[in-house]
Structure formats: C-alpha cells, structure tokens
Amino acid sequence: MNISCGIPVNTTLEIDWRLRVFDSLSFPTLILSPNRTIVSVNQKLLEKFQITKSELVGKTCRDVFHTYFNDPELPCTHNTCPLDKTVTEGVGHSILRQIRNSDGSSYWEDRVFSPILDDTGQVIYVVESIRDVTRTKTLEKIFNDIREFMDRVVQSSASGILAADRSGKILLMNQAAEELFGYAFNATKNMTVADLYPEGVAKEIMKKLRDEVYGGRGKLPVTRVNILTAQGEKIPVEMTGAIIYEDGREAATMGIYNDLRERLAVMEKLEEAQTQLIQSEKMASLGRLAAGVAHEINNPLTGILMYGSLIREKLEPDHPLQPSLGCIIEDTERCRDIVKNLLAYSRQSSTTRNTFSLNTLVEESLRLIRDQKLFMTVTIRQNLSNEWMPVIADQNKMSQVVINLIINAIDAMNRQGVLTLTTYRNDVTQMACLEVSDTGCGIPKENLSRVFDPFFTTKEMGKGTGLGLSTAYGIAKDNAGEISIKQTSPNGTIFLLEIPLDIQSMEMMPDSIG
C-alpha cells in the first residue's frame, strides 16, 4: 500500500471526496458534536453568511447562531432543541422557524438534524442542514389564502353547492345546500349523494353527465329535477353539474342547486294574472257585443209580445190556437229576460250606489228568492260576522248577484245538500267578503276558466241560459267588486264575493256595533 505523509493513499482519497461532497451540498450545513460544538461547516454556509470557518469551528451552535446569525430566539433556549433529541433518540429531527430581521422583514428556515452513528449505534456527530423555505411557505400561504377565499365564496353562495367522490360519498356541502336538503354536513357521513334524490334520479343525472351529446363530456346544463329532503319532501330544483377528472379518470362530481318553489309560485301567480287579464278583455269584448245584440233584439221582441198578447185576448179561451200563442208569449218573455240579463251583463243600465250592511244584503236576498221550494231539501247555514261591515254599491244589483250565487249553488247540489253563507271583513284589502259554499260535485278543472263566460252552462237545454254567473261577474266589476272561485273539489265549491267597504261609515260607527 502506498504511504503519503504517514496516511494511506486510499484513506486520503476517501476523506477528500467526502469533503468535496460535504462542500458541494446546495444548502448551508454544519457538523456538530453531541455537546453542541461545531466540528465543521460547508462552503455554502460560509458564502451565505459571509464568515470564515475559523470563526465557527470549535464554538457551540448556540453562541454562533446568537452572535453571527442574528437569531436571538434559538429553539434550545426553550428546551425544545432538536439536536438534543437527535442525540438522545438516535433518529433525525427537524424544526421549522420564522426568523425576523432587524429591518422588520422575515424569512423561514427548516433546520434538519441527522445523526451520524458509530459501529455500536451511538451518535458521534449530528449533521445540521439549514434550508431557506421562505418561497415554499410563501406559496403555501398563497395557496391557503386562495383555498380560504374559495371556501368563503362557496359558503356565501345563495345556491346550494355539493361535491361527492367517485363512490358518492359527500365531500362538500355549503350552508345553502344544508338548508335546501335539510341535512347538516357532519350528518352525511353514512350517506351517499343518491340518498338526496328520489329513486333512480341520481343514475339518470350521471347518465346525462357522461353523455357526449346532452351537454358535453362531464357537463350537465341547466336541468330541472326533484330532490329529496331529510323530511322526505320532494322539492323542484334547477341544477347544473360536472364531473371532476384526474388523469382522464372520474375523480368526483359536483352540483349547484337553486330552489324553484318560489319561482314556480311567482310563475303560477303570473299565469293567473294573465288568465284574469285575458278573461277581463274577453268579458269586455263580449259585453260590448251583448249590449249591441240586446238593443237590436229588444224592439222586435216587444212587438211580438204585444201582438201575441192582443191576439190571445181576442180569441176564445178554448180556441185551438191558444196553446200555440201561449208558447209564443212564454218563449218571447224568456227572450226578454235574456235581453235584460245581457244589458245587465254589459252594464248598460244605470248604477246607483248607496251604503248598506253586507249581512243585511244576504238576509234580504234570501227573502227575495221567489221560489222558496228550492230550500225545502237544502240546509242553509248562516255564519254572519258580528263585525260592522258597511259596503258601498248598488244594493238592488248586488242583491241580484247574491241571489244568482245562491241559486247556482243549489243547482250544483241538485237541490239537496248544505248551503253555507259566510261573511267577514278583510281590513287589508278593505273589502267585505261573502263566501257561498255548497256541497256539490265541484267544478271540473277544464271548466274553471269558462265559468264566468256568457252563455256557458253545463245545464240541460232549456234549463239555463249561461248568463247567470257572467251577469253577476259584470255587476260586481261595475261596483268595484270581485267574484272568484276560492276553492273547488269533488266535495263542493266556494264562491267568493268581495264588495268595497265604506271606510267613512266605519270610522263614524263605534266598533261595538255589529
């Protein structure tokens, strides 16, 4: 073996390359003895801190870092020295610290302590690496800030947002989704996303998500579906969804939900308003037509009735033409009544408004019905309010409306059942209300929009003209009132008549007067 200065050549070469490796490390590194004495430092540390090896070797790490590296709060001053732990346990340790400079700036260091063991497993040296991880911590903070911001965005969304993994396990549910579905997120651990839909709906959604044609791969355009709440209620929602991919494979799914109940209710009210507007326009047009027809027919009817009556008076009572003349006169009178109804419907007759009590109107209307036999098999219940309800309208015409509603209800029950008349005051709308309720078979859905149409009737030929309700509708409108169908079912129908309250009279009368 070759000898160089008393040291074997191979040993010299080995020490040389180990020192070279030590010096070539890309981060500052020290070698310390178990008693904290610095044995050696690499070139990177000397360059970074602009110091010489002689100033460090032989000193303790505590003195060096306190004196040269501007680090007054060393970990070892708090009995958490990772060097001691490394020596005691024989395994590596690390500590992450934020160090503040004198100018107020700061940086992050990750100090890693690795033990060097002898042949018996005892720690003879410790390698301390000082790694500047400021950039990593900065990026980590940016990432955390973005994640927190995105979490706030998701949680503050008015739309329900939900995400699930490949197996359907719920990973995310924002507050709006919790309120919509009725589940707290921490209560969904044993659930899958399929539990939030009626049976088969989740599979149908996934089928659409995977359909290239429907919305594109992994995308669900706005779709209306029903969801299932914790209470078992089906709620209509509008949702969009997506599949989240990793390396081309499905990793998760997400959905955004908007409750449609309020929107559907608004649309329903809008449709009702549009229907009422169309109905009003139709009634106005028919009213003008009815007025013209009534005036044109009225004169020839008067002549027919007059001459028919004269001929019947001149003929003997047993004359064979008497029955025919009677039929002519009877049908003519029926036509005259229709003309009167047409004129009332078209509101061509004058209106005289006065103040009267709604309860009085109901009671007098019942007395004015000529055919009292109608009530023989009908039970009448009067639930008349004790509140003072003065109304302002044409009393005679409004009495005709009430009579019409009563007779219509009796006919709907085939003159057998319970007729209920209920009055009350609506202080919000400032209307006095009369509900006429029957126990008939109700109004079919297809006929609801035609109930107030003139000449519309479900009665047999010759038993109704179809002008009763339309006339009542016209009179109510002419008196600033309303008639509507409040409720109908196979168990009966409730018509609602609303007449404006006379507020001035109400203010003059004491509340105690009924």
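Bear in mind the structure is a predicted one, so any value in this text is a computation, not a measurement. (Residues numbered from 1 in each chain as written. Predicted model: local features only at pLDDT ≥ 70, side-chain atom pairs only at ≥ 80, totals over all residues. Heavy atoms only, no water.)

Novice: Before we go on, may I ask you to explain the overall build of the protein chain in this structure?
Specialist: From N to C terminus, the protein chain includes 13 helices and 19 strands. Of all 514 residues assigned to the protein chain, the portion counted as buried reaches 36%. Of the contacts made within the protein chain by residues no fewer than 6 positions apart, 55% connect residues no fewer than 24 positions apart. Carbon and sulfur atoms make up 53% of the accessible area of the protein chain, which totals about 31,000 Å². (Helix = DSSP H or I, 4+ residues; strand = E, 2+ residues; numbered from the N terminus. Buried < 20%, exposed > 50% of the residue type's maximum accessible area, 1.4 Å probe, protein only. Contact = heavy atoms within 4.5 Å. Areas by Shrake-Rupley, 256 points an atom, 1.4 Å probe, with all protein chains shown as cover.)

Novice: Mind showing me how you'd approach a nonpolar patch on the surface here?
Specialist: On the surface, Leu139, Ile142, Ile146, Phe149, Met150 and Val153 cluster together into a nonpolar patch covering about 540 Å² of accessible area. Looking at the secondary structure, you find Met150 in helix 5 (residues 134-156). (Patch = residues over 30% accessible without salt bridge, like charges linked within 9 Å, V, L, I, M, F, W, Y side chains within 5 Å. Salt bridge = Lys/Arg side-chain N within 4 Å of Asp/Glu carboxyl O.)

Novice: Teacher, can you tell me more about helix 10 (residues 358-368) here?
Specialist: Given 3.6 residues per helical turn, the α-helix brings residues three or four places apart onto the same face. Residues Leu358, Asn359, Leu361, Val362, Ser365 and Leu366 constitute the buried set of helix 10. Projected down its long axis, helix 10 carries its buried residues within an arc of 160°, all on one side. In helix 10, the exposed positions that point more than 90 degrees away from the buried face belong to Arg367 and Leu368. For helix 10, the N-terminal cap is Ser357; the gap from its side-chain oxygen to the backbone nitrogen of Asn359 is 3.3 Å. (Arc of directions from axis to C-beta. Polar contact = N/O pair within 3.5 Å; in protein donor to acceptor, adjacent residues only side chain to side chain.)

Novice: Got a minute to help me understand the sheet that holds strand 12 (residues 249-259) in this structure?
Specialist: In a beta sheet, neighbouring strands pair by backbone hydrogen bonds and run either parallel or antiparallel. Strand order in the open sheet made by the 5 strands is 9-8-12-11-10, with antiparallel pairing throughout. Looking at strand neighbours, the two that pair on one side only are strand 9 (170-173) and strand 10 (219-228), the edges of this open sheet. The mean inter-strand angle of the sheet, taken between neighbouring strand axes irrespective of direction, is 25°. Two strands pair when backbone bridges link them, and strand 10 and strand 11 (residues 234-246) are joined in this way by 8 bridges, in the antiparallel orientation. Paired with Lys219 across the two strands is Ala242, which belongs to strand 11. Across the sheet, helix 7 (residues 201-209) is in contact with strand 10, strand 11 and strand 12; its angle to strand 10 comes to roughly 180°. (Pairing = 2+ DSSP bridges. Axes fitted to C-alpha atoms, helices over the stretch in contact; angles between N-to-C directions.)

Novice: Quick question: what am I supposed to make of the layout of surface pockets here?
Specialist: Rolling a probe over the atoms, with the probe sized like a water molecule, indicates the empty space that remains. Here the second largest pocket is characterised by a volume of approximately 840 Å³. Surrounding the second largest pocket, 24 residues form its lining, Glu272, Thr275, Gln276, Leu448 and Ile485 being those nearest its centre. Secondary-structure elements contributing two or more residues to the lining of the second largest pocket are helix 8 (261-314), helix 12 (468-478), strand 18 (482-489) and strand 19 (492-500). Among the residues making up the lining of the second largest pocket, the classes are represented as 8 nonpolar, 8 polar and 8 charged. (1 Å grid on protein atoms, 1.4 Å probe; cavity = no way out; pocket = protein on both sides within 12 Å on 5 of 7 lines; lining within 4 Å. Points joined across faces, edges and corners; volume = space filled by probe spheres on them. Nonpolar A, V, L, I, M, F, W, Y, C, P; charged D, E, K, R; others polar.)

Novice: Honestly, the pairing of strand 17 (residues 431-437) in this entry has me stumped. Any pointers?
Specialist: Each regular strand carries side chains that alternate between the two faces of the sheet. With respect to burial, strand 17 is a largely interior element, 7 of its 7 residues being buried. Neither face of strand 17 is open: one carries Met431, Cys433, Glu435 and Ser437, the other Ala432, Leu434 and Val436, and all of them are buried. Across 7 bridges, the pairing between strand 16 (residues 417-426) and strand 17 is antiparallel. What sits directly across from Leu421, in strand 17, is Val436.

Novice: Whenever I open this one, the packing of aromatic side chains confuses me. Can you help?
Specialist: Aromatic rings considered in pairs are described by the distance between their centres and by the relative angle of their planes. For the coordinates displayed, the defined rule picks out 2 aromatic pairs. Ring geometry for Tyr197 versus Tyr257: centroids 6.5 Å apart, planes at 45°, classification tilted. With Tyr197 in the loop between helix 6 (175-181) and helix 7 and Tyr257 in strand 12, this pair connects stretches of sequence that are 60 residues apart. On the basis of relative accessibility, which here comes to 7%, the residue Tyr197 falls in the buried class. Here a set of aromatic residues connected by ring pairs shows up, and it is made of Phe181, Tyr197 and Tyr257. (Phe/Tyr/Trp six-rings, centres within 6.5 Å; stacked < 30°, edge-to-face > 60°.)

Novice: Any chance you could explain the side chain of Asp438 here in plain terms?
Specialist: If you trace the backbone, Asp438 turns up in the loop between strand 17 and helix 12. At 2.9 Å, the side chain of Asp438 forms a polar contact with the backbone nitrogen of Gly440. Those residues in contact with Asp438, other than ones at most four positions away along the chain, are Ala409, Ala412, Met413, Val418, Asn491, Gly492 and Thr493.

Novice: Could you clarify how one ought to interpret the nonpolar core in this entry?
Specialist: Nonpolar side chains in soluble globular proteins tend to end up buried together. Within the largest apolar cluster, 38 residues are counted, with the highest numbers of intra-cluster contacts made by Met398, Leu419 and Leu497. Within the residue set of this core, elements represented by two or more residues are helix 10, strand 15 (390-393), helix 11 (395-412), strand 16, strand 17, helix 12 and strand 19. The element contributing the most residues to this core is helix 11, with 8 residues. Every residue in contact with Met398, bar those within four places of it in the chain, is listed here: Phe356, Leu361, Ala393, Ile475, Asn479, Leu497 and Ile499. (Core = buried A, V, L, I, M, F, W, Y, C linked by side-chain atoms within 4.5 Å.)

Novice: Can you walk me through the side chain of Thr253 in this structure?
Specialist: The topology assignment puts Thr253 in strand 12. When neighbours within four sequence positions are excluded, Thr253 is seen to be in contact with Leu162, Ala163, Ala164, Met206, Ala242 and Ile243.

Novice: Just to check I follow, could you spell out the environment of Ile329 for this structure?
Specialist: By the element assignment, Ile329 lies in helix 9 (residues 322-345). Relative accessible area serves as the criterion here: at 5%, Ile329 is assigned to the buried category. Between the C-alpha atoms of Ile329 and Ser309, which are 20 residues apart in sequence, the distance is 7.1 Å. Setting aside its immediate chain neighbours within four residues, Ile329 contacts Leu305, Gly308, Ser309 and Arg312.

Novice: Please explain the packing of helix 10 against helix 11 as it appears in this structure.
Specialist: Two quantities define a packed helix pair, namely the angle between the helix axes and the distance between the axes. Look at helix 10 against helix 11: their axes get within 9 Å of each other, and the N-to-C directions meet at 65°. By the criterion of interaxial angle, the relationship of helix 10 to helix 11 is roughly perpendicular. Between helix 10 and helix 11 lies a crossing whose hand is right-handed. Only Gln395, Met398, Ser399, Val402, Ile403 and Ile406 of helix 11 make contact with helix 10, whose side of the interface consists of Leu361, Glu364, Ser365, Leu366 and Leu368. A breakdown of the residues in the contact of helix 10 with helix 11 according to their chemical character gives 7 nonpolar, 3 polar and 1 charged. (Parallel < 35°, antiparallel > 145°, perpendicular 65-115°, else oblique. Left-handed = near helix turned anticlockwise from the far one by under 90°.)

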